Amino acid sequence: MSTTCHNILLLVFVLVLVAEEAVATIYQDCGSQAMVSEFSITNCDVPPCLVPRPSTYHVNITFTPESSSQELETVILANIGGSDFPWPGPDGCTLLEGDSCPLVPGETYKYRAVMPVLAEYPAVSAVVTWKLRDEKGVKHVCAMLPITLI
Ligand SMILES: *[C@@H]1O[C@H](CO)[C@@H](O)[C@H](O)[C@H]1NC(C)=O
């Protein structure tokens, strides 16, 4: 094998490894004010996410806010068949790994939420909007993606 060919194979191998290491979920941004450097949901790289009932899902978001805030609320909306259903979301401040509120602009935060998916939830398809919003109404993070409970 020529050296060039060998190098190309090595490069392809490394790229595949990198692609498999990076857990990221494709989502639609709905106006994030912060720089979002990671958004990943358990077992879902390409939506619609097929979510078994019961199960436990992680929603991991790494973001760098552009403005300060005292509070961070998780606002979840499930759109089912054209109607919006608000979903209770956990307090975001307590979910910042190794950190807490207030948010300082330019600092990077790792938000780690765990969502239990209960057996009694109906098997529906929904477009979920996941927002991290502060007390001034600023949407630091806004991500939308379709999910299907199975
Ligand atoms: C989310 O973060 C937690 C804690 O760091 C980690 O255990 C889990 O594997 C992550 N999951 C995803 C989907 O990124």
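Residue numbers run consecutively from 1 along every chain, following the written order of its sequence. Owing to the predicted nature of the model, reporting of local features is limited to residues with pLDDT of at least 70; listing and counting of side-chain atom pairs is limited to 80 or more, with chain, interface and lining totals taken over all residues. Derived side-chain values reflect all non-hydrogen atoms in the structure, with water molecules and hydrogen atoms excluded from consideration.

### A few points about the overall build of the protein
Secondary structure elements are taken from DSSP: a helix is a run of H or I of four residues or more, a strand is a run of E of two residues or more, and numbering for both begins at the N terminus. Helices and strands together make up the secondary structure of the protein, namely one helix and nine strands. Listing each helix as α and each strand as β along the protein from the N terminus yields α-β-β-β-β-β-β-β-β-β. Relative accessibility decides the category of a residue: with a 1.4 Å probe and only protein chains considered, values under 20% of the type maximum give buried, values over 50% give exposed, and everything between is partly exposed. The burial tally for the protein puts 34% of its 150 residues in the buried class. Put simply, 63% of the contacts in the protein that link residues at least 6 apart link residues at least 24 apart. In short, Shrake-Rupley with a 1.4 Å probe defines the accessible areas, and a residue's cover is counted only from the protein chains shown. Here the protein displays about 8,700 Å² of accessible surface, and carbon together with sulfur accounts for 62% of that area. In this description, contact between two residues means that some pair of their heavy atoms is separated by no more than 4.5 Å.

### A short note on the site of the ligand
The immediate surroundings of the ligand are formed by Ser40, Ile41, Thr42, His58, Asn60, Glu97 and Arg112. Any pair of nitrogen or oxygen atoms within 3.5 Å is treated as a polar contact; in protein, a donor-acceptor pairing is required on top of that, and neighbouring residues in sequence qualify only through side-chain atoms on both sides. Side-chain polar atom of Glu97 to an oxygen atom of the ligand: 3.3 Å apart, as the coordinates give it. In the model, an oxygen atom of the ligand is placed 3.4 Å from a nitrogen or oxygen of the Arg112 side chain. Protein contact buries 58% of the 370 Å² of open area that the ligand shows by itself. Whether a residue is near a molecule or strand depends on its heavy atoms: it is near if one of them lies within 4 Å of it.

### Let's talk about the environment of Val104
Note on placement: Val104 falls in the loop between β6 (83-87) and β7 (109-117). Between the C-alpha atoms of Val104 and Ser67, which are 37 residues apart in sequence, the distance is 6.9 Å. When near neighbours in sequence (up to four residues on either side) are disregarded, Val104 contacts Pro65 and Tyr109.

### Brief notes about the environment of Val117
With respect to the element layout, Val117 can be found in strand β7. For Val117, a relative accessible area of 9% puts it in the buried group. When the C-alpha positions of Val117 and Val51 are compared, they lie 8.0 Å apart, and in sequence the two are 66 residues distant. If sequence neighbours within four positions are ignored, Val117 has contacts with Val51, Pro52, Arg53, Pro54, Ser55, Tyr57 and Leu149.

### Details of the state of the cysteines
The bond known as a disulfide is covalent and runs between the sulfur atoms of two cysteines. Pairs of cysteine sulfur atoms within 2.5 Å are what we label disulfides. Per the stated rule, a full pass over the model turns up three disulfides. Here Cys30 is linked by a disulfide to Cys142, with a sulfur-sulfur distance of 2.0 Å. Classification of the bridge connecting Cys30 and Cys142 rests on its S-S torsion, roughly -95°, and on that basis the disulfide is left-handed. Within this pair, whereas Cys30 is found in the loop between β1 (28-29) and β2 (35-41), its partner Cys142 is found in strand β9 (residues 139-149), the two being separated by 112 residues in sequence. One exposure class covers both Cys30 and Cys142, and it is buried. Here Cys93 engages in a disulfide with Cys101; their sulfurs sit 1.9 Å apart. On the sign convention where negative is left-handed, the bridge of Cys93 and Cys101, at about -90° about the S-S bond, is left-handed. If you count the bonded cysteines of the protein from the N-terminus, they pair up as 1-6, 2-3, 4-5.

### Description of the layout of surface pockets
Both site types are read off a 1 Å grid over the protein atoms alone. A 1.4 Å probe that fits but cannot get out defines a cavity, while an open set with protein on both sides within 12 Å along at least five of seven lines defines a pocket; lining residues have an atom within 4 Å of a point. Grid points are joined across faces, edges and corners, and a volume is the space filled by probe spheres set on the points. When its volume is computed, the largest pocket comes out at roughly 430 Å³. Elements with a minimum of two residues in the lining of the largest pocket: β2, β3 (49-51), β4 (55-64), β5 (73-80), β7, β8 (125-133) and β9. Throughout, the ten residues Ala, Val, Leu, Ile, Met, Phe, Trp, Tyr, Cys and Pro are labelled nonpolar, Asp, Glu, Lys and Arg are labelled charged, and all others, Gly among them, are labelled polar. Across the lining of the largest pocket, the residue classes break down as 22 nonpolar, no polar and no charged.

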